Amino acid sequence: MENGSKCLTTKHNFILQQGLSDAPLETRSALFSALQFQPRIVTFLVLLGVVLQSPALFLILSAILWWSALMPQWNPFDMIYNRIFGIRPGSVLLEPAPAPRRFAQGEAGTFSLVIGTLLLLGWGRAAFLFEALLVSAIAALVLGRFCLGSFTYHVLHGRASFAMHTLPWVRNANDVESSCRG
């Protein structure tokens, strides 16, 4: 399989994992890029929080992520993306997040809340453990095109087979497409 084809397949798998319907081939790259906007900002904020060991930053991030999960139509990340980048030719507008993506936002919000609370309590070693887990999950998301939160959502909702077919290293797009229809 060519690199370009592999790239489109991993993007396709990621889009499906996020709970979005099968995107047309010509919009997959734009949709994938749009879906990565929030994780890229969160990555920066988490890394800044880790460097500064700032409980306030983690608690604010937690509140924003939980707001996004509970009120997807008012997700500030999606609103910023749509107003700045979504209006460009060839881009796509983000709709309110489907359940798997909201679950992932809530999961990241929970980790941020735990880290912020642990830092407030002065439990640096425990905070470091949760920071390492969160940074690992974010690295898998941004670099590996694997969303642990969305994957977990599908598994918890009895769709483990579907979740397995959305892993980034699954290269047969036909298997993924057939698992979505069935």
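Basis of the calculations
- Residues numbered from 1 in each chain as written.
- Predicted model: local features only at pLDDT ≥ 70, side-chain atom pairs only at ≥ 80, totals over all residues.
- Heavy atoms only, no water.
- Helix = DSSP H or I, 4+ residues; strand = E, 2+ residues; numbered from the N terminus.
- Buried < 20%, exposed > 50% of the residue type's maximum accessible area, 1.4 Å probe, protein only.
- Contact = heavy atoms within 4.5 Å.
- Patch = residues over 30% accessible without salt bridge, like charges linked within 9 Å, V, L, I, M, F, W, Y side chains within 5 Å.
- Areas by Shrake-Rupley, 256 points an atom, 1.4 Å probe, with all protein chains shown as cover.
- Salt bridge = Lys/Arg side-chain N within 4 Å of Asp/Glu carboxyl O.
- Core = buried A, V, L, I, M, F, W, Y, C linked by side-chain atoms within 4.5 Å.
- Arc of directions from axis to C-beta.
- Polar contact = N/O pair within 3.5 Å; in protein donor to acceptor, adjacent residues only side chain to side chain.
- pLDDT = per-residue confidence, 0-100.
- Phe/Tyr/Trp six-rings, centres within 6.5 Å; stacked < 30°, edge-to-face > 60°.

Here the focus is the overall build of the chain. When helices and strands are counted, the chain shows nine helices and zero strands. The order of α-helices and β-strands along the chain, N terminus first, is α-α-α-α-α-α-α-α-α. Buried positions account for 44% of the 182 residues belonging to the chain. Pairs at least 24 residues apart make up 59% of the contacts formed inside the chain by residues separated by at least 6 positions.

Residues F44, L48, V51 and L52 make up a contiguous nonpolar surface patch of about 420 Å² in total accessible area. Of note, L52 is situated in helix α2 (residues 28-52).

Time to look at the nonpolar core. Within the largest apolar cluster, 15 residues are counted, with the highest numbers of intra-cluster contacts made by F14, I15, L31, L35 and L94. Those elements giving two or more residues to this core turn out to be α1 (3-17) and α2. With 13 residues, the next largest nonpolar core counts V42, F77, A108 and L134 among its residues.

Let us now look at the pattern of salt bridges. This model, assessed by the stated rule, comprises one salt bridge. Residue R101 pairs with D78 through a salt bridge whose shortest N-O separation is 3.2 Å. Separated by 23 residues along the polypeptide, R101 in helix α5 (residues 99-121) and D78 in helix α4 (residues 76-84) bring together distant segments of the chain. The two residues R101 and D78 agree in class, both being buried.

The complete set of buried residues in α4 reads F77, D78, Y81 and N82. Across the axial projection of α4, the buried residues extend over an arc of 125 degrees, all falling on one side. Those residues of α4 hidden inside the fold are in contact with α2, α3 (55-70) and α5. You can read the cap of α4 off the contacts: a side-chain oxygen lies 2.8 Å from the backbone nitrogen of F77, and it is on N75.

Our next topic: the confidence of the model for the chain. Detailed reading of the predicted model is not advised wherever pLDDT is low. Across the chain, the average pLDDT comes to 90, with 90% of residues at 70 or higher. For the stretch residues 173-182, pLDDT sits under 50, and the model shows 15 contacts to residues farther than four places along the chain or on other chains.

To describe a pair of aromatic rings, you give the distance between the ring centres and the angle between the ring planes. Applying the stated criterion to the full structure yields seven aromatic pairs. Pairwise contacts between aromatic rings join F37, Y81 and F85 into one cluster.

On to the environment of F128. With respect to the helices, strands and loops of the structure, F128 is situated in helix α6 (residues 124-142). On the basis of relative accessibility, which here comes to 54%, the residue F128 falls in the exposed class. When the C-alpha atoms of F128 and V50 are compared, they prove to be 8.2 Å apart, with 78 residues separating the residues in sequence.

This part is about unusual backbone geometry. The phi dihedral of Q53 falls on the positive side, at around 50 degrees, and the residue is not glycine. Structurally, Q53 is set in the loop between α2 and α3. A relative accessible area of 32% places Q53 in the partly exposed class. At R145, a residue that is not glycine, the phi angle is positive and equals roughly 60 degrees. Along the chain, the position of R145 falls in the loop between α6 and α7 (148-156).

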